[in-house]
Every structure is written in structure tokens, then in C-alpha cells.
Amino acid sequence: MMKMWNSSMASYASPPALGGISLSSQRQRISARTCRRHSPSSSSSTRSPSSYSRCFRTCLSLATTSATMPYHPTSDAIATIRAALEEDAGDAGDVTTLATIPMQAKANATMIAKSNGTVAGVQVAQWVFDEVDDQLDVKWNVNDGDQVETGKIIASISGSARAILVAERVVLNYMQRMSGIATAARAMANAAKPARVLETRKTVPGLRVFDKWAVLLGGAENHRMGLYDMVLIKDNHIAAAGGIRQALDNTEVYLANQSLDIPVELETRTLEEVREVVNLWGQHKHLKRIMLDNMVKRVDGGGVDTTMLEEALAILKPLMDDGLETEASGNVDLDTAPAIGATGVTFVSVGALTHSVRALDISLNIENV
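The text that follows walks through the structure, step by step, so that each part is easy to find. If you're wondering where the values come from, they're calculated on a predicted model, not measured in any experiment.

Scanning all chains against the criterion turns up 13 salt bridges. Asp-333 is paired through a salt bridge with Arg-298; the nearest N and O atoms lie 2.8 Å apart. With Asp-333 in the loop between β14 (325-329) and α12 (337-341) and Arg-298 in strand β12 (residues 297-298), this residue pair connects regions lying 35 residues apart in the sequence. The class of Arg-298 is partly exposed, set by a relative accessible area of 45%.

The structure is reproduced here in C-alpha cells:
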């Protein structure tokens with residue numbers, strides 16, 4: 001049946017309140033299987049019905065997806081998609097499609113990769129098609145995380161011509177961006193081995209979950225999701241708190257008072273700060289990771305000087321043997337990543353994966369009727 005698609009108006013109808021949304025039993029089964037926080041078998045099995053509703057909105061993923069959509073406590077994937085469709089439709093709907101395409105017209109379309117890369121956004125695109133018209137027949141030839149070459153037919157779509165046209169741009173916007181992120185993440189993850197690559201919070205507002213999901217699909221890993229799931233003490237926090245020790249002391253008091261058990265990461269910029277961390281080790285139980293910021297310098301001729309980073313890692317070696325993680329940031333790209341990754345640092349963080357993404361070229365073409 002038509003779900004959110006008003007075929008007479010060729011517009012996207014406003015959704016009902018959450019309580020009126022009927023998610024398919026397949027989605028519910030998938031959600032229960034993949035979400036550790038909200039599944040009935042988890043330690044939080046006494047959660048309220050509203051918690052499960054939020055889970056179904058937030059934690060849906062295809063069984064064939066190579067990486068589950070990352071959890072966010074307030075994100076709503078379906079609402080994000082609906083907002084994108086409503087933004088496109090405005091208050092009059094797709095006037096071009098209304099004007100040119102009869103309501104009963106059917107069409108066949110193909111989605112084609114126009115460059116090589118890693119596909120991401122298959123599940124998101126399917127949600128878009130479902131929200132516009134759940135009678136569209138979409139046959140996917142790839143899974144999220146697959147490698148494609150130019151000319152690969154990613155999907156075939158058949159059904160209402162109006163529905164295909166309305167869904168087209170939103171589908172492509174999501175898939176091109178997510179695939180671009182996944183492609184960049186894969187290249188960086190391969191370049192930085194054996195270090196593990198992280199993105200940052202430099203994502204498009206409202207698309208953080210999708211951006212970070214794409215990073216996972218490309219083979220890299222997620223840094224903190226937001227301000228709530230990790231304490232990341234940076235230079236400005238240290239300055240305002242009165243120093244590294246005071247910032248760490250204050251953090252432990254706060255976490256204890258709030259009954260929070262989340263990891264703490266501390267940014268260092270000098271070898272003196274690194275040595276101070278060594279002297280404080282063992283006094284702050286939540287301190288799990290040290291960021292080594294801008295300790296890699298570019299040199300003339302395109303090379304990179306990792307001397308300072310290597311010295312910092314040598315100083316931290318006893319702590320690393322005791323479980324401390326390290327993270328290098330600053331001056332990281334495909335040219336410098338191999339040298340940085342070879343130093344023995346645990347993680348390499350790269351904001352460019354999401355803030356400077358180059359979209360993967362994908363087209364959707366309707367066959368002549």
C-alpha cells in the first residue's frame with residue numbers, strides 16, 4: 001500500500017505521531033537482534049515501551065549490512081529521512097512531476113555507479129523509497145560496504161514513476177555522500193595500518209549517525225558519537241580548569257557524582273604535557289586515551305617528520321603496556337598516514353573523512369516508457 005506517498009498530489013505527506021507508525025515485523029526482528037542496548041535479552045530488558053519505540057526508530061539495520069548503524073540516544077533515522085523529503089516537497093509537492101507525469105504512470109529505473117568506490121547508504125536509500133511508496137520494487141545488486149567499479153548497476157527500481165522521481169534526489173544525496181565517506185575511510189584505513197583510523201565530530205548537523213555509519217562501512221572506526229559518551233579534555237578545557245591535574249581531578253569528581261562510567265581522553269600538545277600524564281598515571285581511573293595533537297610536521301618535498309610523535313610514544317610506552325590508548329591527530333592525509341601509522345600509535349583521527357568528503361558519483365536513470 002502507499003505509505004507516505006500521496007499520489008494525487010505527488011507530494012510527501014506529513015507522518016503520523018510516533019504512536020501511529022507501524023514498523024514492519026521484519027524491521028522489529030532485525031532491531032531486536034542487532035541492538036544490544038534495547039533488545040529484550042539485554043540487562044535493560046525492563047525498559048519502557050517508549051524506549052523500544054526509540055530503538056526501532058534509531059537502531060534499524062539490514063541483516064546484510066556489514067556494519068550496524070551506530071547508536072545515538074536521541075537520533076531518529078526515519079524522522080531524518082522524512083524531514084529531507086518534506087524539505088524537498090515544500091508546501092506544494094513536486095510541481096514538475098505533477099505537471100508532466102500522469103498519476104498512474106509506471107516506470108523502470110537503474111542506479112549506476114559512475115566512479116569506483118565503496119558503496120554506503122543502501123539501507124538509508126531503501127528507507128527513503130519505503131517512505132515515499134512502499135510499493136516500489138527495489139532490487140539491490142550490492143550491499144552496504146561493497147566495492148563497485150564504474151558502470152556497476154547498483155539497483156533496479158520499478159513502480160510509480162512519480163514516486164521514483166520524488167525519491168530520486170534524496171536517495172542520491174544520501175548515497176553519494178555516504179559512499180564518498182566510506183570510500184575515503186577505506187583508503188585511509190588501508191594507508192594507516194597497523195594504526196586504526198577514527199573520524200571526528202566534524203559531521204553535517206543532523207546527519208551525524210549516517211556520516212559515522214558510512215565511516216564504519218568503509219572499514220574505519222568511530223570516535224565519540226557526541227559530547228555525552230566520552231570526556232575529551234582538550235587544550236581549552238585544560239586552560240579553563242587550571243591545568244591537566246585539575247582538569248582530571250575535576251572530571252573524576254564529576255563522574256562519581258553523576259554515577260557515570262565513561263572513558264576519558266586527554267589532549268597533549270608538548271612532550272612536557274606527555275611527561276605530566278606519566279606522573280599522574282594511575283590516579284584517574286577513567287583516563288583511557290591520550291591524544292597527541294600536531295606532533296607530526298610536514299617537511300619540504302612532501303615528507304613528514306614523526307620524530308616528536310615517536311618521542312611521545314616512547315615516553316608513554318610503560319602506560320601503553322598498562323592499557324593506555326594513544327591517538328595521533330593533525331596533518332593526517334593519505335600521504336602522511338603510512339608514516340604516522342607505523343609509529344605504533346593506537347589510533348589516527350582524521351576530521352577530513354566527514355568534513356571534506358568528495359561524493360561518489362552515482363546516477364539514477366529512468367528508462368524510456
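Counting buried positions over the five residues of β14 gives four, a clear majority of the element. Relative to β14, strand β11 (residues 287-293) runs parallel, the two being bridged by five bridges. Among the inter-strand pairings, Arg-289 is bridged to a residue of β14, identified as Glu-325.

As a further point, take the sheet that holds β14. The six strands lie next to each other as β8-β15-β14-β11-β10-β9, forming an open sheet whose pairing is parallel. Since the sheet does not close on itself, it has two edges, and those belong to β8 (196-198) and β9 (231-233), each with one partner. Across the sheet, the mean angle from the axis of one strand to that of its neighbour is 25 degrees, orientation sign disregarded. Bridge count for β8 against strand β15 (residues 347-349) is three bridges, and the pairing is parallel. The residue of β15 that forms the bridge with Arg-196 is Phe-347. Together, β11 and β14 form the strand contacts of helix α11 (residues 307-321), whose direction differs from that of β11 by roughly 170 degrees.

Below, the discussion takes up the nonpolar core. A general tendency of soluble globular proteins is for nonpolar side chains to be buried together. Core analysis: the largest hydrophobic core is formed by 90 residues, its most contacted members being Met-111 and Phe-210. If you tally residues by element for this core, the top one is helix α6 (residues 161-192), at 17 residues.

Attention shifts here to the sheet that holds strand β3 (residues 106-113). Pairing in this open sheet of four strands is antiparallel, and the strands run β5-β7-β3-β16 from one edge to the other. For this open sheet the edge positions go to β5 (137-140) and β16 (362-366), each flanked by a neighbour on one side alone. Averaged over all pairs of adjacent strands, the angle between strand axes in this sheet comes to 15 degrees, irrespective of strand direction. Where β3 and strand β7 (residues 153-160) come together, seven bridges link them in antiparallel fashion. Counterpart to Ala-109 in the pairing with β7 is Ile-157. Contacts between helix α5 (residues 122-132) and the sheet are confined to β3, β5, β7 and β16, with β5 contributing the most and set at about 170 degrees to the helix.

Cut-offs and rules
- Residues numbered from 1 in each chain as written.
- Predicted model: local features only at pLDDT ≥ 70, side-chain atom pairs only at ≥ 80, totals over all residues.
- Heavy atoms only, no water.
- Salt bridge = Lys/Arg side-chain N within 4 Å of Asp/Glu carboxyl O.
- Helix = DSSP H or I, 4+ residues; strand = E, 2+ residues; numbered from the N terminus.
- Buried < 20%, exposed > 50% of the residue type's maximum accessible area, 1.4 Å probe, protein only.
- Pairing = 2+ DSSP bridges.
- Axes fitted to C-alpha atoms, helices over the stretch in contact; angles between N-to-C directions.
- Contact = heavy atoms within 4.5 Å.
- Core = buried A, V, L, I, M, F, W, Y, C linked by side-chain atoms within 4.5 Å.

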